[in-house]
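An overview of the molecular structure
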Amino acid sequence: MPRRPASTSPLPSLSGEAPRLSAGAAAVRSALLVGLALGALALAAPQQAHAQAAAAARSYSIPAGSLDQVLTRFASAAGAELSVDAALTRGKSSNGLNGSFTVQDGFAELLKGQGLQVVRGANGAYSLRAAAAGAGADTGAAAGPTLGAVTVTAAAERPGDAPAPYAGGQVASGARLGFLGNRDVMDTPFNITSYTAQTIADQQARTIVEILENDPSVLTTTSRLNGMDQFNVRGYAVNNSASSFGGLYGVGPYYRGTLMGVERVEVLKGPGALINGMSPTGSIGGNINLVPKRAGDEPLTQFTTRYQSDASLGGQVDIGRRFGPDQSTGIRLNVGAKGGDGSYDGQKNSTQEATLGLDYRGDRVRLSLDAGYIDSKTDGSEGVLGMAAGSAVPSPPGASSNYYQRWNYWNTLASYGAARAEWDIAPNVTAHLAAGARKATEDMFFPSGTNLTASGNFTEVSTAQKGTWSNSTVEIGLKGRFATGTVGHEVSAIASTFSEELGFGYTPGPNIASNIYSPNLVAKPALALPPAVKTSDTRLSGFALADTLSFAADSVLLTLGMRHQNVRKDNFSATGAVTTSYNESANSPAVGLVVKPFKGLSLYGNYIEALTQGPTAPASALNKGQVFAPYQSRQYEAGVKFDAGEVGATVSVFQITQPSGLTNPATQVYSLDGEQRNRGIEFNTFGQLGKNVRLLGGVMFLDAKLSKTANGLNDGRTAVSSPRVAVRLGSEWDLPSVPGLTLTGRALYTSSQYVDNANTQKIPGWTRFDAGLRYRTTMLGKPVAIRASVENLFGRDYWLSGNLYRGAPRTYLLSATFDF
């Protein structure tokens, strides 16, 4: 029988010196200080409980299966809410339940001889715990703490709840689909994956990049020694700055996405103009959304200590509490710091971070407020390398070496916040209002290299740079469910606006002749950090309307939608004068279809677009200064999704075309006549094989071609940093002979990639292996999780991408999580 939790159908039922904080940043920091105080109070606050009479006896017929599956089915049938820790039930089976029972008696019968018991919380919800010494399976007995942090909600999900985890707990059974809201994976006409808090914790992931290494369609293109995360999704670049936080663009850290306050990382592959709107950087290959942490039904007080080679230490406190007789108000506070020597020569880093999440869940109203603050410093940063024309790509130097100047650095400071309100106006009508903001600054000496030769010689230039970002975003939406005859409708409407003001100042340093195998280290030049002056002001606004129609008892789902997007941008000179202005609009349609011929199988297809700000013709063209409207990149996709209960898989084929600008050599007129066309096949799998083995990963085959290039010189060439094959496959094995011990392993393979559009320069393919173990136990009656892993187990040196960043060296990770 399936272990996949049932989810509520989304359709109607027809049945250096840190920069000084700005006022906005100070406000966020004040909110975090308030959160610290509230968190301290929460530790001492007693949990209010109220007795509830057991429900009247009912008749049940629950078939045999794995224990967590049987418990989930019983709780769902009984209308009870049950939190199940997968670590407690792993490897246990049940004979099922037949007969007439109250809720309490039913749980007691199912848990006989299992060494487990359920405890009813103050809000009437039940949680599964290890039975205390001498305790039976009685629901009223006190119990030991839960091992781990995996929660499966058996009862119907509350409005606004995240979709339940899938079997194995590494991914969720659904994800947020932009303004369409949370959708079950099997009801979604797109390839979407949501990585859970369990995966983040068990893999000791520190940034978005590290969790996305599980997906073969997402390829990291920058080094960890660089201060910025960038990746290709389906062969197209996506920056961390284009990620959304709680569904809002322009919120969260700008360059590097940390995971301290993140519950889940959701990846939508392919364009998403309709459902997410135009991203600030016009992402084409995919969209990434970070789901903020929320207080769970059970009190949480957790401390995690971390070590990363060579000598970086850190710690994090995670506190969650709910208040009130109905547990309607929640607080989730995370505070942490790390610092020390990194894995690269001369690298040092330090980070201080805090996040706060407040929420209220009423009968018809749901409110949330999130705030975050991060101060990050990296000494010895790495920049991009550019090849000399006609030269072969040299072999990479040792992965732990640093061929740039040790005095290069990258410091960032950011504060951000987001608020959301949802109101159920009527049983099938919900309105929402959300807003967010971010203030960020950077100062750096950032290196870059040019003219790299086969012997390793190159020219290094370090630039003194200062930057500022000021973002705000607001959206308002309405969602309604109704039926016309036998056809169900879920209609969603949204209007949104986004603004971003950028300021930059930079002063390039002298050219330094160096070599990647034998760096020429020189004294730091006397370069002062320049002031950041306003360089651009961008406004994105628009509205969208979509309707998901359901036919034949929800076995056929058709989504139709359209988004209107306006882009306004002013660019400024150093004196503050406007140099160029841009004000253009575009409409972007989309259609998605899901057909479910029988349970466990979904056939899907979609046509959707991405919107990117149109370019301005360069000064060398006859039509210099001409502003082009936002251009559409178009995707066609079809696929099949399988759900066997404990194992799921998605197979998809896609084609994405992206226009590009070029100047016609004959006419000297600039136009959007160039094109890149990416075609691919993806296979993703996830879930649990038997009782003790979990799988996560897949493979992507990519054919990324250039066409309509200038004079046709590069027509048919392969796009830069676009491997033909990428494989990511991870597994976990719970040793039956040693309860609590789990062995982990992962293999990553990326085939060769071109460095230039002419396809004359190429880096070889690479393979990386990771290995680790995890042990869950108790100390002094409290749960403890100890994790140890090695990334790049065999210490291979390799070029990571066509941007000539290197893969990380062998890295040792160790962490221990203590629950109190």
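Calculation notes
- Residues numbered from 1 in each chain as written.
- Predicted model: local features only at pLDDT ≥ 70, side-chain atom pairs only at ≥ 80, totals over all residues.
- Heavy atoms only, no water.
- Helix = DSSP H or I, 4+ residues; strand = E, 2+ residues; numbered from the N terminus.
- Buried < 20%, exposed > 50% of the residue type's maximum accessible area, 1.4 Å probe, protein only.
- Pairing = 2+ DSSP bridges.
- Axes fitted to C-alpha atoms, helices over the stretch in contact; angles between N-to-C directions.
- Phe/Tyr/Trp six-rings, centres within 6.5 Å; stacked < 30°, edge-to-face > 60°.
- Parallel < 35°, antiparallel > 145°, perpendicular 65-115°, else oblique.
- Contact = heavy atoms within 4.5 Å.
- Nonpolar A, V, L, I, M, F, W, Y, C, P; charged D, E, K, R; others polar.
- Arc of directions from axis to C-beta.
- pLDDT = per-residue confidence, 0-100.
- Salt bridge = Lys/Arg side-chain N within 4 Å of Asp/Glu carboxyl O.
- Expected span 1.5 Å × (residues − 1).

**What about the overall build of the chain?**
A tally of helices and strands in the chain yields 7 helices and 43 strands. Per-residue burial for the chain yields a buried fraction of 55% across its 820 residues.

**Focus on the sheet that holds strand β11 (residues 218-220)**
The strands making up a sheet associate through hydrogen bonds between their backbones, and the pairing can be parallel or antiparallel. In spatial order, the strands read β11-β12-β13; together these 3 strands make up an open sheet with antiparallel pairing. Each of the sheet's edge strands pairs with one partner strand only, and the pair in question is β11 and β13 (236-239). Neighbour to neighbour, the strand axes of the sheet diverge by 35° on average, direction disregarded. Alignment of β11 against strand β12 (residues 230-233), held across 3 bridges, turns out to be antiparallel. Counted as the bridge partner of L219 is N232 from β12.

**Details of the packing of aromatic side chains**
Across all of its chains, the model carries 14 aromatic pairs by this definition. Geometrically, the ring pair formed by F107 and Y126 is tilted, given 5.2 Å between the ring centres and 50° between the ring planes. Placement of F107 in helix α4 (residues 103-110) and of Y126 in strand β7 (residues 126-130) is noted, with a sequence separation of 19 residues between them. There is no split in this pair, since F107 and Y126 are both buried. Between W766 and Y798, the ring centres sit 4.5 Å apart and the planes meet at 20°, which makes this aromatic pair stacked.

**Some remarks on the packing of helix α2 (residues 67-78) against α4**
Running from amino to carboxyl end, α2 crosses α4 at an angle of 170°, the nearest separation of the two axes being 11 Å. On the basis of their axis angle, the class for α2 and α4 is roughly antiparallel. Here L67, V70, L71, F74, A75 and A78 of α2 lie close against α4, whose contacting residues are V103, G106, F107 and L110. Its residues placed into classes, the contact of α2 with α4 shows 9 nonpolar, 1 polar and no charged.

**As for α4**
Every buried residue of α4 is listed here: V103, G106, F107 and L110. Seen end-on, α4 carries its buried residues on one side only, within an arc spanning 95°. Buried positions along α4 lie against α2, β3 (82-83), β4 (93-94), β5 (97-101), β6 (116-120) and β7.

**What to know about the environment of L433**
Along the chain, the position of L433 falls in strand β25 (residues 429-452). Between the C-alpha atom of L433 and that of R420, which follows or precedes it by 13 residues, the distance is 5.8 Å. Beyond its immediate sequence surroundings of up to four residues, L433 is in contact with A419, R420, A421, V474, E475 and I476.

**Things to note about the sheet that holds β7**
Taking strand neighbours across the sheet as the criterion, the 3 strands line up as β3-β7-β6 in an open arrangement whose pairing is mixed. Each edge of the open sheet carries a strand with a single partner, namely β3 and β6. Across 5 bridges, the pairing between β6 and β7 is antiparallel. Bridging across to β7, V119 finds its partner in S127. The strands that α4 touches are β3, β6 and β7; relative to β7, the one it contacts most, it runs at about 30°.

**Some remarks on the confidence of the model for the chain**
On average, residues of the chain score 86 in pLDDT, and 89% of them reach the 70 mark or higher. Low confidence marks residues 134-156, where pLDDT is under 50. Its contacts with residues over four positions away, or in another chain, come to 67 contacts.

**Some thoughts on the pattern of salt bridges**
Tallied over the full model, the rule gives 40 salt bridges. Between E732 and R694 there is a salt bridge, with the nearest N and O atoms lying 2.9 Å from each other. With a gap of 38 residues between them, E732 in strand β37 (residues 725-734) and R694 in strand β36 (residues 693-707) connect regions that are remote in the sequence. A residue is classified by how much of its surface remains accessible, and E732, at 6% relative accessible area, is buried. Connected through shared salt-bridge partners, D202, R694, E732, D734, R774, R776 and R787 make up one network.

**Focus: unusual backbone geometry**
Across the junction of S309 and D310, the peptide omega takes the value 10°, indicating a cis bond. Examined against the element boundaries, D310 turns out to sit in the loop between β18 (300-308) and β19 (311-323). The phi torsion at R234 lies on the positive side, around 55°, for a residue other than glycine. With respect to the element layout, R234 can be found in the loop between β12 and β13. At N451, a residue that is not glycine, the phi angle is positive and equals roughly 55°. Within the secondary structure, N451 is located in strand β25.

**As for the pairing of strand β42 (residues 782-791)**
Within β42, 7 of the 10 residues are buried, which leaves the element mostly enclosed by the surrounding structure. The pairing of strand β41 (residues 766-779) with β42 spans 9 bridges and is antiparallel. By the bridge assignment, M779 is partnered in β42 with K782.

**Thoughts on α2**
The end-to-end C-alpha distance of α2, which contains 12 residues, comes to 16 Å, matching closely the 16 Å that a straight helix rising 1.5 Å per residue would cover. Of all 12 residues making up α2, 9 are buried, and the element is well covered by its neighbours.

**So, the pairing of strand β30 (residues 556-572)**
Across 16 bridges, strand β29 (residues 533-551) lies against β30 in antiparallel orientation. Looking at the pairing, A546 lines up with G561 of β30. Once β29 ends, the chain turns through 4 residues before running back antiparallel as β30, passing A552 with a positive phi of about 50°. The pairing of β30 with strand β31 (residues 578-598) spans 17 bridges and is classified as antiparallel. Across the sheet, residue T559 finds its bridge partner in β31, namely G592. Where β30 folds back onto β31 in an antiparallel hairpin, the turn is made up of 5 residues, including G576, whose phi is positive at roughly 95°.

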